[in-house]
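# An overview of the molecular structure
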Amino acid sequence: MSGRVIRIERVSPREGVVEEPDFTSKGYRLGDPAHGNAKHHAEHTVYVKTLDEAAELIEKGFSLWMGANGKRASLISPESLRIVRGGNTKQA
């Protein structure tokens, strides 16, 4: 768990699509697991400014919104994400 986060990616990305964490004017969007099946609702969105902050929340069970050009962003569970830190890879 050492090193700066350089990328967060899906373990099994959608075919033919390069997905990136969804970054808005408020920051990266995450879904709070405390809200169960409603974590995808806008009122339960948590925003952070850096990938390091996003990784910390993913490791605590938060889901991350990811999208691609021409594709709507979707909420990805922490089990389906890989956090890449300065050359080391760790699956959340």
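Residues numbered from 1 in each chain as written. Predicted model: local features only at pLDDT ≥ 70, side-chain atom pairs only at ≥ 80, totals over all residues. Heavy atoms only, no water.

Let us look at the pattern of salt bridges. Counted by the stated rule, this structure contains five salt bridges. A salt bridge links Arg10 to Glu19; its shortest N-O distance comes to 3.1 Å. This pair shows no difference in class: Arg10 is buried, exactly as Glu19 is. Across the salt bridge formed by Arg85 and Glu59, the nearest N and O atoms sit 3.0 Å from each other. With Arg85 in strand 8 (residues 81–85) and Glu59 in the loop between helix 1 (51–58) and strand 6 (63–68), the pair connects residues that are 26 residues apart, well separated along the chain. Residue Arg85 is classed as buried on the basis of its relative accessible area, which comes to 9%. By relative accessible area, Glu59 is classed as partly exposed at 29%. The structure contains a network of salt bridges with shared partners spanning Arg7, Glu9 and Arg82. (Salt bridge = Lys/Arg side-chain N within 4 Å of Asp/Glu carboxyl O. Buried < 20%, exposed > 50% of the residue type's maximum accessible area, 1.4 Å probe, protein only. Helix = DSSP H or I, 4+ residues; strand = E, 2+ residues; numbered from the N terminus.)

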